[in-house]
Structures are given as structure tokens and as C-alpha cells.
Amino acid sequence: QKEVEQDPGPLSVPEGAIVSLNCTYSNSAFQYFMWYRQYSRKGPELLMYTYSSGNKEDGRFTAQVDKSSKYISLFIRDSQPSDSATYLCAMSGDYGQNFVFGPGTRLSVLP
Amino acid sequence: GAGVSQSPRYKVAKRGQDVALRCDPISGHVSLFWYQQALGQGPEFLTYFQNEAQLDKSGLPSDRFFAERPEGSVSTLKIQRTQQEDSAVYLCASSLTFPGQGQSYGYTFGSGTRLTVV
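All of these numbers come straight from a predicted model, not from anything done at the bench.

**Considering the overall build of chain B**
At step 1: Check the secondary structure of chain B and you find zero helices and eleven strands.
At step 2: Ordered by position from N to C terminus, the α and β elements of chain B give β-β-β-β-β-β-β-β-β-β-β.
At step 3: Here the C-alpha coordinates of chain B stretch approximately 45 × 25 × 25 Å along the principal axes.
At step 4: Of all intrachain contacts in chain B linking residues separated by at least 6 positions in sequence, the fraction that spans at least 24 positions is 54%.
At step 5: When the accessible surface of chain B is summed, it comes to about 5,600 Å², and 46% of that surface belongs to carbon and sulfur atoms.
At step 6: Measuring between centres, the 11 positive side-chain charges of chain B sit 8 Å from its 10 negative side-chain charges.

Structure below.
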């Protein structure tokens, strides 16, 4: 079993839909949680960062962390075709020196 | 520069060749990371530098892989005697802070070097 699991998709939704992306993990030491967006042939771009449990909102994006369930989510409201990309979750321990990434979920938002 | 710059963008190497991949981090960024991303997978950690010190190289897959950052800025990842399984995108990322500082720190990634070993 991998340390971080993520449904690889692909996930196709119509423009304007609410998208829910999720990751589960097994290491209870993880404290820092991030979501990255990666366009084809580009490096990952940081979208959201959360420390420990709770919710964080930034524009159309909301990140949720449930440490008791070892489950994190990213919600995208009013999805746009420009949101079509691979979404990677990443996490690290309290004094971790590197982040462990999930395999990524490919999202297509259809006009 | 404004972002993390990696060169070359693409590299084709014959099996057994040595390659060197360069990373120019954002000026002043203390932390520098190398990741390997296979097709359809998430990035996997290779090594971490804090300034010029290589603090973690636990992710390097074999002793054919070597990384350096001699002056605490530009870093080079070298792969000796390349094998087909080394084919991947090699990503460099830098961060202003270093892990454990207890504050928000995100990595800024470069666009990567796509290595194909034939």
C-alpha cells in the first residue's frame, strides 16, 4: 500500500460543476498538506496549503483536512475549462524535509 | 530570476551515457529539492539541500545518482551510466524557508527536464 493514495481519474465534468478531489494517507505523522496543479509539460504549481486539520478557502478553491480519517479534499467551485489539469496532493511530517505526493488525478472540465 | 529555471528542457541519452541536469532556483531561496516524476505518477523525492549542505539524499535510487549545490544557489543532478529506467521528468523546486520553521512554505517548481534514455 502506498503512503498516499489518490484516484488517478480521469475525471470529466461540465463547466460550472463543483469538483471534489480526494486523497487518503496512512502516515499519522503528516501535518502539512498541499494541493498542486500540474499542466501538461509543466512543473506543479502550488494551489493550497494547510497545516494540521481544518478548512481553508481561497477564491473558488477549498481545502479540507480530516486527520482523524487521514483524508484530505480539494473542492473547486464553478469549474472552468482552464482548470483542466492534473491535481496532486502532497503531505509532510512536522519536521519533514520532503513532501510525499499522491499519483495525481487528471481533471477535464468540458465547455 | 522570477522562477525556477531548469536546463536542458529535454535530454535524450544513450544507455550508458552520463548526464548532468541543471537547476537555477529563485534567488535567495534556502531550500532546494530534486524530484523524479515518472509518466502518470506523482513526483518522488530524490534529495534536499539547505543552502550548500545536502541534508537528505535518501531518495536517490542508486549510487549512479549524484547531486551538488556547491555555492548554495545553482544545483546539478548528475546521473552516471544512464539506464532505461532512469527515463522520467526531473523536477527541481526551491523554497524561501526550510522545513520545520513552522510557517507556511510552498515549493516553487521548475518545468523540469524530460530525460529519455534509449
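Additional details are given in the paragraphs that follow.
**Here's the deal with the environment of Phe61 of chain A**
All names here are of chain A.
At step 1: Topologically, Phe61 is positioned in strand 7 (residues 61–66).
At step 2: Here Phe61 falls in the buried class, since its relative accessible area comes to 11%.
At step 3: Along the sequence, Phe61 and Ile76 sit 15 residues apart, while their C-alpha atoms lie 4.8 Å from each other.
At step 4: Ignoring sequence-local partners within four residues, the contact set of Phe61 consists of Arg37, Leu47, Met48, Lys56, Leu74, Phe75, Ile76, Arg77 and Asp83.

**So, unusual backbone geometry**
At step 1: Residue Gly9 of chain A is joined to Pro10 of chain A through a cis peptide bond whose omega torsion reads 5°.
At step 2: Positionally, Pro10 of chain A belongs in the loop between strand 1 (4–6) and strand 2 (11–14).
At step 3: Residues Ser7 of chain B and Pro8 of chain B are joined by a peptide bond in cis, for which omega reads -10°.
At step 4: Mapped onto the elements of the fold, Pro8 of chain B is located in the loop between strand 1 (5–7) and strand 2 (10–13).
At step 5: With a phi close to 65°, Arg41 of chain A is a non-glycine residue in the positive phi region.
At step 6: Although it is not a glycine, Asn51 of chain B sits at a positive phi angle of roughly 55°.

**Description of the side chain of Thr76 of chain B**
Residues and elements named next belong to chain B.
At step 1: Relative to the helices and strands, Thr76 is located in strand 8 (residues 75–79).
At step 2: For Thr76, a relative accessible area of 17% translates into the label buried.
At step 3: The contacts of Thr76, once residues within four sequence positions are left out, are Ala20, Leu21, Trp34, Phe66, Ala67 and Glu68.

**Digging into the pairing of strand 7 (residues 65–68) of chain B**
Each regular strand carries side chains that alternate between the two faces of the sheet.
All names here are of chain B.
At step 1: What you see with strand 7 is a clean split: Phe65 and Ala67 sit on the buried side and Phe66 and Glu68 on the side with no burial.
At step 2: Strand direction decides the pairing type here: strand 7 and strand 8, joined by four bridges, are antiparallel. The partner of Phe66 across the bridge, within strand 8, is Lys78.
At step 3: Taking the residues between adjacent antiparallel strands as the criterion, strand 7 and strand 8 are bridged by six residues, where Gly72 takes a positive phi near 75°.

Thresholds, definitions, all that
- Residues numbered from 1 in each chain as written.
- Chains lettered and ligands numbered in written order.
- Predicted model: local features only at pLDDT ≥ 70, side-chain atom pairs only at ≥ 80, totals over all residues.
- Heavy atoms only, no water.
- Helix = DSSP H or I, 4+ residues; strand = E, 2+ residues; numbered from the N terminus.
- Contact = heavy atoms within 4.5 Å.
- Areas by Shrake-Rupley, 256 points an atom, 1.4 Å probe, with all protein chains shown as cover.
- Lys, Arg positive; Asp, Glu negative; His and termini not counted.
- Charge placed at Lys NZ, Arg CZ, Asp CG, Glu CD.
- Buried < 20%, exposed > 50% of the residue type's maximum accessible area, 1.4 Å probe, protein only.
- Pairing = 2+ DSSP bridges.

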